[in-house]
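Below are the chains, spelled out letter by letter.
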Amino acid sequence: MPKSIPLISPETIKRFNHMSLAQIAVILTHSLLGNDILLSTAFNFDAPLKPMGDNYVLELFHGPTLAFKDFGARFMAQLMIHYQKKSSQKMIILVATSGDTGSAVAAAFHKLPNIEVVILYPKGRVSPLQEVQLTGWGDNITAVSVTGSFDDCQKLVKQAFSDLSISSKIKLASANSINIARLLGQVFYYFRAYAQLPNKKLPVVISVPSGNFGNLTAGLIAKRMGLPVSHFIAATNANRVVPDYLQTGKFIARSSIATLSNSMDVGNPSNLARIQELYHGDLNQMCQDISSFSFSDRQTRAAMRKVYKQSGYFLDPHGAVAYLGLKTYLSHQSKINGVFLATAHPAKFKDIVEQTIHHPIKMPSQLGKFLHQPHQSLSMQPKYSQLKQLLVEKFG
Ligand SMILES: *Cc1c(COP(=O)(O)O)cnc(C)c1O
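Basis of the calculations
Residues numbered from 1 in each chain as written. Predicted model: local features only at pLDDT ≥ 70, side-chain atom pairs only at ≥ 80, totals over all residues. Heavy atoms only, no water. Buried < 20%, exposed > 50% of the residue type's maximum accessible area, 1.4 Å probe, protein only. Helix = DSSP H or I, 4+ residues; strand = E, 2+ residues; numbered from the N terminus. Pairing = 2+ DSSP bridges. Right-handed = clockwise from strand over helix to strand, strands pointing away. Near = heavy atom within 4 Å. Nonpolar A, V, L, I, M, F, W, Y, C, P; charged D, E, K, R; others polar. Salt bridge = Lys/Arg side-chain N within 4 Å of Asp/Glu carboxyl O. Contact = heavy atoms within 4.5 Å. Expected span 1.5 Å × (residues − 1). Arc of directions from axis to C-beta. Phe/Tyr/Trp six-rings, centres within 6.5 Å; stacked < 30°, edge-to-face > 60°.

Draft legend 1. Focus on the pairing of strand 3 (residues 91-96). Most of strand 3 sits inside the fold, with six of its six residues counted as buried. Neither face of strand 3 is left uncovered, since the one carrying Met91, Ile93 and Val95 and the one carrying Ile92, Leu94 and Ala96 both have all their residues buried. Note that strand 3 and strand 4 (residues 115-122) share six bridges and pair parallel. Looking across to strand 4, one finds that Leu94 is bridged to Val118. The β-α-β motif built from strand 3, the intervening helix 4 (residues 101-109) and the parallel element strand 4 has right-handed crossover chirality. Bridge count for strand 3 against strand 6 (residues 171-174) is four bridges, and the pairing is parallel. Within strand 6, the position partnered with Leu94 by the bridge is Ser174.

Draft legend 2. Geometry of the site of the ligand. Near the ligand, the surroundings consist of 15 residues, among which Lys69, Asp100, Gly211, Phe213 and Thr343 are the closest. Looking at the shell around the ligand, its residues break down into five nonpolar, eight polar and two charged.

Draft legend 3. The arrangement of unusual backbone geometry in detail. Despite not being glycine, Leu66 has its phi angle at roughly 65 degrees, a positive value. A residue is classified by how much of its surface remains accessible, and Leu66, at 2% relative accessible area, is buried. One non-glycine residue, Asp139, adopts positive backbone phi at about 50 degrees. By the element assignment, Asp139 lies in the loop between helix 5 (128-135) and strand 5 (141-146). The class for Asp139 is exposed, based on a relative accessible area of 56%.

Draft legend 4. Geometry of the pattern of salt bridges. All chains considered together, the criterion is met by eight salt bridges. Residue Asp244 is joined to Arg240 by a salt bridge in which the shortest nitrogen-to-oxygen separation is 2.8 Å. Judged by its relative accessible area of 17%, Asp244 is buried. With a shortest N-O distance of 3.1 Å, Glu354 and Lys350 are connected by a salt bridge. Placement of both Glu354 and Lys350 in helix 16 (residues 350-357) is noted, with a separation of four residues, approximately one turn of the helix. The partly exposed category is assigned to Glu354, whose relative accessible area is 22%.

Draft legend 5. Molecular detail of the side chain of Thr65. Mapping Thr65 onto the fold places it in the loop between strand 2 (55-59) and helix 3 (69-84). A relative accessible area of 1% means that Thr65 is categorised as buried. Once residues lying within four places of it in the same chain are set aside, the contact partners of Thr65 are Asp70, Ser103, Ala104, Ala107, Gln133 and Lys348.

Draft legend 6. Up close: helix 2 (residues 21-33). When the terminal C-alpha atoms of helix 2 are compared, their 18 Å separation across 13 residues agrees well with the 18 Å that a helix rising 1.5 Å per residue should span. Buried within helix 2 are the following residues: Leu21, Ala22, Ile24, Ala25, Leu28, Thr29 and Leu32. Taken down its axis, helix 2 places every buried residue within 150 degrees of arc, on the same side. Residues of helix 2 that are buried sit in contact with helix 3, helix 8 (180-184) and helix 9 (188-196). Looking one or two residues past helix 2, Gly34 carries a phi angle of roughly 75 degrees, positive in sign.

Draft legend 7. Up close: the packing of aromatic side chains. A complete count under the given rule lists 13 aromatic pairs for this structure. Between Phe43 and Phe45, the ring centres sit 6.5 Å apart and the planes meet at 75 degrees, which makes this aromatic pair edge-to-face. Considered together, Phe43 and Phe45 belong to a single accessibility category, that of buried residues. Ring geometry for Tyr245 against Phe251: centres 6.2 Å apart, planes inclined by 85 degrees, an arrangement best described as edge-to-face. Taking relative accessible area as the criterion, Tyr245 reaches 6% and is therefore assigned buried.

Next up, the structure:
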């Protein structure tokens, strides 16, 4: 966590109303890190806020890999390039993915000199289009399918970082939300969302579809920086360790369960430690700012159908979970700016969306081009000895 979180004045937040995402990000980066970095290439796409019924949807899927992971990955890449300039040693970026992080990191670092990317993903637990986006890069990107869950992949990455016999030979860097840079890159779109709200007099409630809880942590940091958000909703699928924790005060990690919203299939979310740190472990204060609900796949599909029927809008399963979270919370409140985050383009989950809504979905060009590329991946059991061997043989 950052040692201190800077406070942004209401006047500055007001100035954001007339700024692009990249311009907002430059100002916030200066406050957070003291760095002056140009971010117009990292954020050359927007996070538009669109009205839906009485609420709003913040679309976070307009980046190159069509999921919100592009924001954090591209910001992190920009920072790493900034610092890596001074070093000639090759840097190996090791990343575990539940589906979207890996491709966002690959897109951000593809063909950059002196950088290699190794992606670990759970075999058979990512959508077919996600897999194509993980394995179609070549060059400095290596995809490894692990016969296990996302939690297994995340554990392997953490083991590599704590293994001194590796770090003495290879310069390893993390690209998971255990890397704070990635998290900070996600703070900006909360400010951009607020800037787009037409009526700022109403209290703001934001529903975040959550798995590893990096996105929610970024929102909580934005609030700590002075963004007037009155409440957050952490919406989860059947992987409900955090809703249970907020209700009982006891955190019990579990094995993850495979669901339709597979990028949120996490049973031991690594950002919960950061959230606890933000609130000094005070559960009551946490519950004042955060409500958390869990939804089944059946409810997720019903929400996708309902939204399509009411407004012709295609929700992907992750956005649908966030929508359900907002609706559940708002059922006993009115006169609120209710915002939910749509974290992936529905075409990324084409099969599920079409099966559910019975309507064909157009394939954006960013995705189409991956289908025609050659694909390659290595395969591995969830054993640290195998990862170590791979890293040493390839880069040692
Ligand atoms: C990663 C991901 C999530 C979960 O975000 P966390 O920061 O891990 O909570 C939700 N939706 C999509 C589409 C994702 O890729």
